[in-house]
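Remarks on the overall topology
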Amino acid sequence: MIDLFLIGIGTGNPNHLTREAMRAIAGADLILIPRKGAGKDDLAGLRRRICQEVATGDSPQLREFDLPKRDAGAPDYRAGVDDWHDAIARVWAAEIRAGLPQGTGKVGFLVWGDPSLYDSTLRIAERVTAELPLALHVIPGITSIQALTAGHAIPLNRIGAPVTITTGRRLRDHGWPEGAETVVVMLDAGCAFDVLDPVGIEIWWSAYAGMAEELRLSGPLAEIGQQIARTRAEARARHGWIMDIYLMRRGTSA
């Protein structure tokens, strides 16, 4: 039996690692590290550095692999994502077999943020269990939402009020979620807030939240939206990739 650990590592800051995550990394026989293509080597490099800092004694075997690309032009978005996850699962299974040919041991996969929140790693792992006998373990991590609110020193929710968490795609396609006061937007490919009437909306935006490169801007959306768009474009050009997140509120009550 192979034990597969999905290890939440926060937002790339080694200080985000919990003791449980550190033990799982140090105790792994094999760590899988995906490569996401040209211009995104920083992401694989961060995973390598975290492993090197945490591991003691005999370091886990690090196996890097090229992550299959999603067909962004697929006519059916959900079917395209399912096909992509199937392809990734096949690569995972092949890498695990190659790294643990005896069919036993501990495999770790370092997950940005927390494996449960807008991350497909758990779904991919479920597909791998169809090909390999795996026992799945999940180690929670600090989410980008926590890093965002900590960086801006703001509460996530108003007193006794709900929070809506959505994606940039849904915000762009459907607008402001009905009945929502506080909205957190993740996985935004490009400033989906520009479809909104900005009047009365406050925004708190962070890129590379929790990392040394962190950028933060906040204020009325009507005044700061274009500045966020420019800052985001410049940061993406500089680093070759970007991870950003933002929180928006309507109204002025606490």
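Check the entry above for the structure.
These lines cover the structure that appears in this document, whether it is placed above or below.

Conventions and cut-offs
- Residues numbered from 1 in each chain as written.
- Predicted model: local features only at pLDDT ≥ 70, side-chain atom pairs only at ≥ 80, totals over all residues.
- Heavy atoms only, no water.
- Core = buried A, V, L, I, M, F, W, Y, C linked by side-chain atoms within 4.5 Å.
- Buried < 20%, exposed > 50% of the residue type's maximum accessible area, 1.4 Å probe, protein only.
- Helix = DSSP H or I, 4+ residues; strand = E, 2+ residues; numbered from the N terminus.
- Contact = heavy atoms within 4.5 Å.
- Pairing = 2+ DSSP bridges.
- Axes fitted to C-alpha atoms, helices over the stretch in contact; angles between N-to-C directions.

So, on to the nonpolar core. Ile7, Ile25, Leu110, Phe193, Ile203, Tyr246 and Met248 are the most contacted members of the largest nonpolar core, which totals 43 residues. Among the elements of the structure, β1 (2–8), α1 (19–26), β2 (30–35), α2 (41–54), β7 (182–186), β8 (201–207), α7 (221–239) and β10 (244–250) are those that each provide at least two residues to this core. For this core, the element with the most residues is α2, which contributes 6 residues. Beyond its immediate sequence surroundings of up to four residues, leucine 110 is in contact with Ile7, Ile9, Ile25, Ile31, Arg47, Ile50 and Cys51.

Picture the strands of a sheet paired through backbone hydrogen bonds; they go either parallel or antiparallel. A sheet is described by the order of its strands in space; here 5 strands give the open sequence β3-β2-β4-β1-β5, paired in parallel fashion. Only two strands of the sheet have a single neighbouring strand rather than two, namely β3 (61–66) and β5 (134–139). Taking the axes of each pair of neighbouring strands and ignoring which way they run, one obtains an average angle of 25° across the sheet. With 6 bridges connecting them, β1 and β5 associate as parallel partners.

Now for the side chain of histidine 152. Structurally, the position occupied by histidine 152 is in helix α5 (residues 144–152). Overall, the relative accessible area of 14% leaves histidine 152 in the buried class. Each residue touching histidine 152, except ones within four places of it in the same chain, is listed here: Trp204, Trp205, Ser206, Arg216, Leu217 and Ser218.

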